[in-house]
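# Examining the three-dimensional arrangement
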Amino acid sequence: MKFSSPIRLVLYMSVVILFFITGAYLVLSFAKVTEFNWKFLAWFSVIDFAFIFFFLRGVIRNYLIDKIKLIYKTIHNLKLTKEEKRNKKFDMSAEVISNVEQEVKDWAESKRSEIEQLRKLEAYRREFLENVSHELRTPLFNIQGYVSALNAGAIDDPTINKSYLEKTEANIDRMIEMIEDLEVISRLESGEMQLDESHFDLYSLCKEVYHHLEDNAKEKNITLKFGAETNIGLFVYADREKIRQVLVNLVNNSIKYGIDNGRTKISIYDMVENFLVEISDNGIGIEERHLPRLFERFYRVDRSRTRTEGGTGLGLAIVKHIVEAHGQTINVRSTQGLGSTFSFTVKKA
Ligand code: ADP
């Protein structure tokens, strides 16, 4: 037999007990052990019913409170404050039971997603450590090779000693760059890095980056230019230094992965609430299958090429973090052999 609420169970039990007591009274009356009295039976039934009802109600209520408290203690993992205890009315309605049921379901669901999240974090941490040690191993082994060679006598050979030292220095620089990038990533991911937002002119910032990287571009005979619509007075509200970092990274990549005598174009387009900044090149381009993973840490399309270009594989991950920390988006379009276009939005001032 099922009862939709504890109070119905108490009512049912009270009626059953009363039925038996009345039955016993009738039997005793028929057996002439006691004299039958209708008035007595009526009063006795009412008083008896009330007594049994309140007694059972008290017992079951205490029993339920104990059980519910135990459930709450388990699922909330903490002591309920007096206020909370008062709010969790331990009455006998069906609602209380279904509330507990719902809370237990919610608790189980939150635990399940917590475990899922922990598993993902664990996998991420493992992959991250593997990547870091893998990436640091290459320059370390290089340094070890050059230092051993110098130690074994190359130091006295004027034709190679300087170049070995320079190569050692370049590898150390690469490691330092990687560690700095890792620090930036971890600060961005932990939310430790606060944005220092202000109003500034996006076009002058692009010009600044343009001049900063002009020499790098010249080395590869790459022409840097601005799109026709791009002009002064495009005011935005963002962290200037970080947007600068995004631009440097994207323009630098367009040079690194550009072709000799190629070109890089910086364009700014007016969207209703934002400006869209596009950095496009006619460089080596990226195969479509790589595009979805391009912004992952350490993801590289061509490891050997990146190594010669000296990248850390963290640049685009940092760029994405910065853009998303501003509540904006970044995208890439690319065709292998034709070139790439990276575009991100910045909020208008
Ligand atoms: P890296 O330090 O290797 O340059 P990034 O995170 O900046 O790391 O870039 C990840 C990968 O994306 C690069 O290794 C490169 O293969 C590819 N990539 C980035 N920008 C371009 C571009 N403009 N043209 C072609 N490939 C690019």
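For the structure given in this document, a descriptive report is provided here. (Residues numbered from 1 in each chain as written. Predicted model: local features only at pLDDT ≥ 70, side-chain atom pairs only at ≥ 80, totals over all residues. Heavy atoms only, no water.)

For the rest of this paragraph, the subject is the pattern of salt bridges. In total, this model carries 14 salt bridges according to the counting rule given. In this structure, Glu-166 and Lys-162 form a salt bridge, with 2.8 Å as the shortest nitrogen-oxygen distance. One end of the pair, Glu-166, and the other, Lys-162, are both in helix H5 (residues 161-189), four residues apart, so they sit about a helical turn from each other. The exposure class assigned to Lys-162 is exposed, which follows from its relative accessible area of 55%. Here Glu-208 makes a salt bridge to Arg-240, at a shortest N to O gap of 2.8 Å. Separated by 32 residues along the polypeptide, Glu-208 in helix H6 (residues 202-219) and Arg-240 in helix H7 (residues 240-256) bring together distant segments of the chain. (Salt bridge = Lys/Arg side-chain N within 4 Å of Asp/Glu carboxyl O. Helix = DSSP H or I, 4+ residues; strand = E, 2+ residues; numbered from the N terminus. Buried < 20%, exposed > 50% of the residue type's maximum accessible area, 1.4 Å probe, protein only.)

This next bit is on helix H9 (residues 315-325). All of the buried residues in H9 are Gly-315, Leu-316, Ala-317, Ile-318, Val-319, Ile-322 and Val-323. Check the buried side of H9 and you find it contacts H5, H7, strand E6 (330-335) and strand E7 (339-347). Just past H9, the residue Gly-327 takes up positive phi, approximately 75 degrees. (Contact = heavy atoms within 4.5 Å.)

Here Val-132 shows up in helix H4 (residues 94-151). The class for Val-132 is buried, based on a relative accessible area of 15%. The sequence separation of Val-132 and Ile-21 amounts to 111 residues, and the corresponding C-alpha distance is 81 Å. Among all residues touching Val-132, those that are not within four sequence positions of it are Leu-182 and Phe-298.

This part is about the sheet that holds strand E2 (residues 223-226). In space, the five strands of this open sheet follow the order E2-E4-E5-E7-E6, with mixed pairing throughout. In the strand order of this sheet, the two ends are held by E2 and E6, each with one partner. The average angle at which neighbouring strand axes cross in this sheet is 15 degrees, direction not considered. Of the strand pairs in this sheet, E2 and strand E4 (residues 263-270) are connected by four bridges, and their pairing is parallel. Looking at the pairing, Phe-226 lines up with Ile-266 of E4. In this fold H6 packs onto E2, E4, strand E5 (274-281) and E7, with an angle of close to 170 degrees to the strand it touches most, E2. Contacting E2, E4, E5, E6 and E7, H7 crosses the sheet at an angle of about 25 degrees to E5. (Pairing = 2+ DSSP bridges. Axes fitted to C-alpha atoms, helices over the stretch in contact; angles between N-to-C directions.)

The subject of this paragraph is a nonpolar patch on the surface. On the surface, Leu-26, Phe-30, Phe-36 and Trp-38 cluster together into a nonpolar patch covering about 500 Å² of accessible area. Of the residues examined, Phe-36 reaches a relative accessible area of 33% and is grouped as partly exposed. (Patch = residues over 30% accessible without salt bridge, like charges linked within 9 Å, V, L, I, M, F, W, Y side chains within 5 Å. Areas by Shrake-Rupley, 256 points an atom, 1.4 Å probe, with all protein chains shown as cover.)

Tracing the backbone through its elements, the reader meets Lys-220 in the loop between H6 and E2. Residue Lys-220 is classed as buried on the basis of its relative accessible area of 18%. At a separation of 3.4 Å, a polar atom in the side chain of Lys-220 contacts the main-chain carbonyl oxygen of Gly-258. (Polar contact = N/O pair within 3.5 Å; in protein donor to acceptor, adjacent residues only side chain to side chain.)

Just distances and angles here, no functional claims.
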